Structure formats: structure tokens, C-alpha cells
Amino acid sequence: MKSYIPIIGLEIHVELNTKSKMFCQCEANYFNLEPNSNICPVCLGLPGALPVPNKKAIYYAQIIGKALGCKLTTQSKFDRKHYFYPDLPKGYQISQYDEPLAINGLSEISNKKYRITRVHLEEDTGKLIHKENKSLIDFNRSGVPLVEIVTEPDFHSSEEVKTFLEMLHLIIQQYLRVSNANMEQGSMRLEPNISLTNNINRLPDYKIELKNINSFRYVKKAIDYEIERQKKLLNENIKISFETRGYDENKNITFSQRVKEEAKDYRYFPEPDIPVMTFDTDYLNSIKIPELPNEKLKYLTNKYKIRESDAFLLIKSLKKVDFFENISKKITNYCKNNKIEFDYITYQKIVNFIVNSKEQEIESSLVFEKKIIDFLFPKKQNIGITQQIIKNVLNKNKKAVEDYNNGKENVLMYIIGQVLRELKTKQNVNEIKSLILNNLKQLQ
Amino acid sequence: MNLLNKTLIELIKLIKTKEISSKEIFEYFIKRIKKYNKNLNSFITINENFIANNREFLYGLPISLKDNICTKNIRTTASSNVLKNFISPYNATIVEKILNSGGIILGKNNMDAWAHGSSTETSDFGPTKNPWDKTRSPGGSSGGCTAAVASYLCPAAIGTETAGSIRQPASWSGTVGMKPTYGRVSRYGIIAMGSSLDCPGPITSSVEDSALLLNIIGGIDKYDATSISPTPSNYLLEINNKKTFNIGIPEEYFENVDKEIIKNIEKAIQVLKSLGHKFTKIKLLHPKYAISVYTIIQRAEVSSNLSRYDGIRFANDRTFFGKEAKKRIMLGTYALSQGYYDKYYKKAQTVRSLIISDFNKVFKKVDLILAPTTPTTAFKLGEFEKYPFFGELMDILNEPSSIAGLPSISIPIGLTKSNLPIGMQIIGNYLNEESILNCANFFQKETNFFDIKKTLLKQYPD
Amino acid sequence: MDKNILKKVAKLSNLQITDNDLVEYKPQLEETVKYIDNLQELNTSKINPTHHISNVNNVYFTDGQKNLRKLSLKELEKSTKITANKYFITKKIL
């Protein structure tokens, strides 16, 4: 049995959350609308209609490109991509062919680097609903802005793909906030190209395009299935040709959608209805992207000295990160003002507390803040009262005291437990322990 | 009151002095259409509903439109069975502009189906006849418009030109036809043929009317990303300040042209000389290359623009396409397909650059270029079948300027011995409609176009 | 332009062409193709193609503008083939 290395490249589509569609003023948010209630002559492809591009969609595509380490091109244009399908009203899709908005990027995730071939902008199609003997078409989604991200075949396992996709989702949804990037709703779509080689220096002469992976949880399953399927074929010396396959999540298999597909001839040519886009380098340099998860991770671990694995959990929610930084500042000040000794462990404790809490809890932040402060700095009980309580407990448990003084050390835990029960507020267990030991010594 | 042959400007005067109402004018044209349209077939659809619209600048006057211009309440067919009963839910921008300026849409004119042709014979609604000789074609693809204006079934019309489709039928029908700079007039709502070439423009009997209509329909449109800066000036004012120009004569445009046409052009040049214009011989790239450039680019864009007609969302399906449409789509697809794109489409767009720079060079020396509009006068109906790409061959003298997006006008300058109209074109530099209209206007003032229209209208009395 | 190329082109164009059509169109299309080959006589190696004539760049619209062109159900019923259940219908896609 030969050993095979999976060679996987990704094609990801992301629906932008602009207000308007890509080439007209219909709403980009088509969720839950009555069918065909969000269309105009442009996105319905009526005679005489013309496209005018949405400035914000272009800006968002450039932001995504920059966030993926791409070079933003100074000249870009739209092209027509021709094919006939009922959900494509004009018989061509306005997309980008040889002058996309961003190229040659690099994305680093979990210390692995993945090359981003290109990021470009295009329009979405309508939706088809298949019935027994006909198909229904809803054009509400036709013309919604779509960003396409293409990577080099730098992925070698389904795990890598899943991790990358999760990070991409995080970046686009939470950090850049340009899309909901939700796979179940269709605002993020993945089409991996998968092939196998037994020599990493020789790329395979085929690739299988996988479609219809509708959720994050099927990403790994679908890719693993396909890798195994290809392994079996190659081990039997069966040649694999270019193919598009669909994923069936119920049976967990991939199936052929079009066998022996001729390379599609899209007859690309530059879109004559839309003038060229030019961007000067000053403008491109001025496009600001927020601090991305990787950088945030480094920043948090450096500044607060928290564990990387905890920081990694924290950065999955910008809300939690913001809260963490706010509360850390407050606590540092609190300690200063109350002359409490402060060390970096406190930050780690805060992180733990936050990471284990739900985001909804953090919503009502003042209540949550008090919770943390109480947790970190429990109010010191009046020491006299504490002593009294200890004396009471020891009085009530004379046998335990006797056992301890006779050498049974584990009775101490029982005694501590009893004391803590009597105490109304949370106390520092070690301090209580030493007080108890003092008292026990005196009773010897 | 005798309305026959009155221009828009003259009719407006009558309305303003209350000598006649716009309703009476409207009914006058409806009457004439009912009398003559059956014979000429210049209208596909007629709108008999008069709605008062007294706004400036048309004060309720009727304008007819080529049937590839979308109108909300009148069907738009592009003279094809595919769109036989199609009613657009929106008006083209230029229609809105006309309505907002006091115009009324009189009807929709016959054309070559999808504007594919130069004779109005590929129409699925029958050919339009040339009012000068009903055994002949009026030209195309805006032949319905020019036939209607020539025979005074409407005072003015809006046609469209991709390469020659306004100028050539204007020449064959004896009217004024203006193709503005590409982008000067919005294409939103014009059924697309060649997206980088299509220009809506006025078809009239006077240059002043042409200027009036260009004032109304020109200007940037937020719904058309290729439309350009606002109409810079009031063309109607501009054309009455006499100017003299340097006019270039390209000998390449006089090859293989009928002798009678050349004779009339020489006569017209003498008139222009007497008006103070100077003439220079210039050299331009031979138009035979423009035919190839245009055939490839236009058909490629056609194959793309006609992809949306699949019969699913509206109108009839692709089996309703006529022969000419199918042939053009196929050649266009071929020119764009893998393996042929570089040789045909890319090469054509590159030669396009050559043609543009060729004109740029020439316009450094001259203000205007003058030439015959067409190499021949109106062909007999049926002739077009003999040619494999008739449309593109007929428009040889118009294609170079269309490819470069330049403005141009065709004006009638005489009649042949067999009483067929002869057209002369004046091409201007990019965005320079003023000079073209100015020159043409003073030519008209001087010659009254040799009373050509009056001659024809003897055959079409009220 | 042999018959197979023409058939392929017709398919790409989503046109149904009968064999009779092919026989009729073939010579005409070939003659057109022969003519347009005259472009090969011109040397354009150092020239860039022109794709846009308007001499404008960067034409956009501002996101979130009011949609003045939204089609109402009434308009769709008048102009299009929308059905009673508000969908467009096509034959089953396999």
C-alpha cells in the first residue's frame, strides 16, 4: 500500500453584508423574504437593464484581501462569465477574470502558512427549488455581492481545512464584520479541490471538486470520505479524471455530478457596461484592517502573560477580548488603590473566569464585573469572627480534634470543610487552614 | 391649418401662440399614420391615447421611438417574435426624459429584429418600405423611424445606432440622423445589441430639431455607468452662432462609392466652401478593417447580450429567434470561445485602439471629417439575402467612427436621377456635437436641403 | 468551420440548430470568418486592446441608497411569467 498525501486547495464564497446588492439597489439581505419580492430590472435580467457597481462591496472585498495578506491591485475590472442555467438571469455572471481586486496573499494559521491565490468580487445567482416535475426559481438572492477566495493547494488534511475555515469565519464575521459567513445559511460556501499524490514534489494530474458541503460539521467528514475514496481507486491503479462531485450528508458519501466534464468554456470578456476601476497606492495603503486574531493572540500573551491556549479561546469572541481588557484595567487600578499586591496570575484567573462564561452573561457586564471582583478579592471576614467560628467548630468536633492530635492528618480536611460551611463568605482556604492549625496546636 | 412638413420647432411656435393645440397635432399624426402606415409598415405599435403634457421643451408634441427602446405602457418587441407581447415594467431613461420634457410617445417603429441589419428586412413584423420607392428598403436598422419621419407620419423619432443604424437609414430615406458620442445619451432601457457601441440618437427633418432632442435626451444617468458628463451646453443655442471649420476629406471613404453620390458630395463641399469652411485631404485607416473589427466586437457582444432571452422569466424562448439573430449569436460565440478569443475578439479590440488613435491624429489637424454616409443609395427589397454579412458591409463608412465612439450626423444633400436620396456625413471629435450641428445647421439654412422633403411629401398629402 | 465546430458553438449558444440550418449557415459563416481574417494583416503587437470607450473610470453607486426600481407583484404579473405562487418555473433540472 502506497502512502498518499492529500493535496487540497480551497474555493470559498462569502456573501457580503452590504445593504444593497452588487449592481443595483435591491436589498442584499434576502433572508426570509417572500419569493421574488426583492428584485428589479437589473437583478432580474430584463431587457435594457444595466449594472452599476456598489462601492462598499468593492471596499469590503479589498478589506478581505488585505486581511489575507494579499496585494491589492491598482487596476481591476469586471468580466462576463457565460453559462446557461435558470438561476442566472442574464445568461452570464458578472465576475472577475484576469484583473481581480487582490492577489498573492498569505494566511498564517496555527503556525502553518497558506498561500492565497486571489480574492475577487462577483454577483450571486437566484435560488432553485426542485420539485417532482419542475423547478421553482426565486431571484431574491440574484445579484447579492459575493467575494470569492481561492487558495493554492497548500492543505494536506481535513483538519487543516477545518481549522483554516474556522479562522476565516472568525476573521470575516467578527473581526472584519463584512459578512455573517454562516455555512448553514449559505453566506459562506466551501468547495475544496482534492487530489492525492505519493510524491509531495509532484502535483497530481487531476483534481476533484467537491460541492454541497452545507455545514461546518460536515467539512471534515466530506473531505475524509473523498480522500479515502481516492486512495482506494489509486491503490487499484484506476486513473482518476477531473470531476465535480457532490456531498450527501445523510449517507456521508460523495457522488459524481458530472462525469467527463469538458473544461467549461465561459467565454470570458471584459464587461463593457462597467468602466475600469483604478486605485492609487496611497488609497490602497490607507485601507485599514483591524487587528486580526493572530496579532491579537500575540498581543494578549505578551501583554498579559496568559497561556496561549487560553488566549486562543479568548480571541474567538471579540466581546470577550474587549471585556477582558476592560476588566483587567479596572482590576489593576483597584489593586493600586487598595494597595493589594498584584501579579500576572490575576490575569490568568480572569481569563479562566471569562472563558468559562457564556457570552450572554458578559452582556450584562456590570453584574459580571462584580462577580469577577468578588471571585478575585473575596471580602475578608472579620478575623475575630473567623476565630470564634473555628473555636465553635473545634468544640463541636472534639473527637476529630483528638484524632488529629493522634496523627490522623486527613481529619484536617473535614475540619476545614466544617469551618468553611459556617463562614458566610468565601475565604482564602489557605488562610483558614493556617488559623485552624494554630488553634489545633493550642489545643494540644 | 397646414401642418404638413412642419418641424418640432415650428410646431412649438404654433402651440405657444395658441394657433393650435398639442391634441390637434397628435390627432393629425394619428390620422396620417392610419392613412399610410399599412403601406409603409413603419410603425409596429401605435399609441392613440393622447395625454396632455404641456411642459417645456416639447409642449405636448408627439415623438416616436424605435422598438428597442423600453416603454412602460406600450409593448417593446425589438421587432422579434421573442418579444412579441413583451411589456417592459419600466421606461428607458431617455423615455422618462422625453416625457418629463413635454413629449408624448406616438408609437414604436419597426426595425431590423434586434437591430441586426441595415435594411429593416430582418424584422419579424415584415419589412418597412422606403417612402421614396416602395420596392426599396429605407435602410436599417432604424428604418421604421426614418421612413416615418420622411413621410411625415411623425415630426421626429429616436433611433439607435451601433454602427450606421441611424446614419445609413437617414441617408437612404432622406432625413437628418444624428449619432451622438458614445455615452452622451443613456443606454438604460435600450435593448442591448453592442454594449460598447450602442447610441440612441434623434432622427428629424431639421438640424435644429436634432439639437432640441439632443438637449432633452443627452446627459449622465446614474443607471448607466458608461454615460458621461452632463450635456455641456444648450445645443440649440450653440448651433446658431456661425463658426467656420477645418474639414478633412478622407479619400479612403470615397472608394467604391456611386458616382452620383460623389457628384452630390462635391456640390455640397462647394456650398460649405462658400460658407467659409476650409478643406484638407486626410488619410484614415482603410474602412475594410473597421468592418472586421465591428463584425467581431458587435457579434461577440450580441451573443452575450441575447443570452438573457431564455423564455423563463419573460417573453418567448430561443426557438423564436430568426435566422439572422441565430447566425450572429453563433459567430459571436465562436469569436469568444476558447482557442479563438485571442485571434478574433482580442485582436479586434486591439485594432480598435489603432482606429481610435488614427482618428486622434487626424483631429489634431481638422475639426470635422466629411464623407458620403453610404456607398450606395437605397437597395431593392430582398437584395440583402445575397450577402453573408449584409449589415456590416453596408455600413462600411460608418463603422470606423462608431468603433471609436465618435459623434456624427447624416444630412440629405440631393437626389439621384432616379429620385433616391443621397446622404452626407459629418464626423466630429469625441464629445464635439456642437461643431457638427453648427456646420450642418448652416448648410441647411443655406440650401434647405434642396427641398428634398417637400418633393417626397407630394406623394404623401394629408 | 466544420460541422462539429458549428454544432459545438450552437450548443454553447443555447440554440437549437437543425441539420438544415447548419447546411444553410455554414457557407455564410465561413465567408464572414474569411473576411474578418483581414485583421491579421495588421501588426498590433505593441498595442493594448480597448475595452471601454467612455474614457471614465471608477463609476459606482453608494451602498444603501433607496431602491426606486423595485418591482411590485403587480408589475411582475404584467411583464413577466411569474406564477400565482410567486415563483418562476422551469422544467425539472436533473
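Placed above this text is the structure.
Fair warning: this is a prediction, and the values are worked out from it, not measured in the lab.

### What about the packing of helix α9 (residues 287-305) of chain B against helix α11 (residues 342-362) of chain B?
Residues and elements named next belong to chain B.
Now for step 1: α11 packs onto α9 with a crossing angle of 130 degrees between their chain directions and a minimal axis gap of 9 Å. Between α9 and α11, the crossing angle belongs to the class labelled oblique. Considering only the axes of α9 and α11, their crossing is left-handed. Along the contact surface, α9 presents Tyr289, Ala290, Ser292, Val293, Ile296, Ile297 and Ala300, while α11 presents Tyr344, Tyr345, Ala348, Gln349, Val351, Arg352 and Ile355.
Now for step 2: By residue class, the composition of the contact of α9 with α11 is 11 nonpolar, two polar and one charged.

### Some remarks on the packing of helix α12 (residues 383-396) of chain A against helix α15 (residues 429-443) of chain A
All names here are of chain A.
Now for step 1: Where α12 meets α15, the closest approach of the two axes is 10 Å, and the angle between their N-to-C directions is 55 degrees. Considering the angle they form, α12 stands oblique to α15. When you trace α12 past α15, the crossing you get is right-handed. Facing α12, whose interface residues are Thr386, Gln387, Ile390, Lys391 and Leu394, α15 presents Leu435, Ile436, Asn439 and Leu443.
Now for step 2: Of the residues that constitute the contact of α12 with α15, the class distribution is five nonpolar, three polar and one charged.

### Concerning the interface of chain C and chain A
Many authors give the size of an interface as the accessible area that is lost as the parts come together.
Now for step 1: Facing the 30 residues of chain C at the interface are 35 residues of chain A.
Now for step 2: Split into classes, the residues belonging to the side of chain C that touches chain A amount to 12 nonpolar, 11 polar and seven charged.
Now for step 3: Across four bridges, the pairing between strand β9 (residues 134-138) of chain A and strand β1 (residues 88-91) of chain C is antiparallel. Within the sheet, the bridge partner assigned to Leu136 of chain A lies in β1 of chain C and is Ile89 of chain C.

### Considering the interface of chain C and chain B
Now for step 1: Listed as interface residues are 39 residues of chain C and, on the opposing side, 45 residues of chain B.
Now for step 2: Counting only elements with at least two residues in the side of chain C that touches chain B, the list comes to α1 (3-12), α2 (19-36), α3 (73-79) and β1 of chain C.
Now for step 3: Among the elements that make up the side of chain C that touches chain B, the one with the highest residue count is α2 of chain C (seven residues).
Now for step 4: The residue inventory of the side of chain C that touches chain B, partitioned by class, reads 19 nonpolar, 15 polar and five charged.

### A look at helix α2 (residues 22-40) of chain B
All names here are of chain B.
Now for step 1: Between its terminal C-alpha atoms α2 stretches 25 Å, which fits the 27 Å expected from 19 residues at 1.5 Å a residue.
Now for step 2: Along α2, the positions that sit buried rather than exposed are Ser22, Ile25, Phe26, Tyr28, Phe29, Arg32, Ile33, Tyr36, Asn37 and Leu40.
Now for step 3: Packed against the buried residues of α2 are α1 (8-16), β1 (43-46), β2 (62-66), β3 (104-109) and α4 (143-150).
Now for step 4: Looking one or two residues past α2, Asn41 carries a phi angle of roughly 55 degrees, positive in sign.

### What to know about the sheet that holds strand β4 (residues 79-82) of chain A
All names here are of chain A.
Now for step 1: Pairing is antiparallel across the open sheet formed by three strands, whose spatial order is β5-β4-β15. Either end of the sheet is taken by a strand with one partner, and the two such strands are β5 (92-95) and β15 (269-270).
Now for step 2: Two elements, β4 and β15, share two bridges in a ladder whose sense is antiparallel. Following the sheet pairing, Asp79 is matched in β15 by Pro270.

### Observations regarding the sheet that holds strand β8 (residues 127-130) of chain A
Working definition: the strands of a sheet are paired by backbone hydrogen bonds and lie parallel or antiparallel to each other.
Now for step 1: The strand order across the open sheet built from three strands is β8(A)-β9(A)-β1(C), with neighbouring strands paired in antiparallel fashion. Looking at the sheet topology across the chains shown, the edges are occupied by β8 of chain A together with β1 of chain C. Between one strand and the next, the sheet's axes are offset by a mean angle of 30 degrees, whatever the strand orientation.

### Section: the environment of Gly143 of chain A
Residues and elements named next belong to chain A.
Now for step 1: By the element assignment, Gly143 lies in the loop between β9 and β10 (145-151).
Now for step 2: Looking at Gly143, the number of C-beta atoms within 10 Å reads 31, which means it is buried.
Now for step 3: Considered as a pair, Gly143 and Gln185 are 42 residues apart in the sequence and their alpha carbons are 17 Å apart.
Now for step 4: Setting aside chain neighbours within four positions, we find Gly143 in contact with Lys21, Met22, Phe23, Cys24, Cys26, Val42, Cys43, Glu123 and Asp124.

### Let's talk about unusual backbone geometry
When glycine is set aside, most residues are seen to have a negative phi, and most peptide bonds are trans.
Residues and elements named next belong to chain B.
Now for step 1: The amide bond that connects Glu56 to the next residue, Phe57, takes the cis arrangement and shows omega of 15 degrees.
Now for step 2: By the secondary structure assignment, Phe57 is in the loop between β1 and β2.
Now for step 3: Each neighbour pair has its own omega, and for Gly140 with Ser141 the value is 10 degrees, a cis peptide bond.
Now for step 4: Following the sequence through the fold, Ser141 ends up in the loop between β3 and α4.
Now for step 5: Despite not being glycine, Lys18 has its phi angle at roughly 60 degrees, a positive value.
Now for step 6: For Lys18, the location among the structural elements is in the loop between α1 and α2.
Now for step 7: Residue Lys18 is classed as exposed on the basis of its C-beta count, with 7 C-beta atoms lying within 10 Å.
Now for step 8: The phi dihedral of Tyr152 is positive, around 55 degrees, even though this residue is not glycine.

Rules of the game
Residues numbered from 1 in each chain as written. Chains lettered and ligands numbered in written order. Predicted model: local features only at pLDDT ≥ 70, side-chain atom pairs only at ≥ 80, totals over all residues. Axes fitted to C-alpha atoms, helices over the stretch in contact; angles between N-to-C directions. Helix = DSSP H or I, 4+ residues; strand = E, 2+ residues; numbered from the N terminus. Parallel < 35°, antiparallel > 145°, perpendicular 65-115°, else oblique. Left-handed = near helix turned anticlockwise from the far one by under 90°. Contact = placed C-beta atoms within 7 Å. Nonpolar A, V, L, I, M, F, W, Y, C, P; charged D, E, K, R; others polar. Pairing = 2+ DSSP bridges. Expected span 1.5 Å × (residues − 1). Buried ≥ 20, exposed ≤ 12 C-beta atoms within 10 Å, placed from the backbone.

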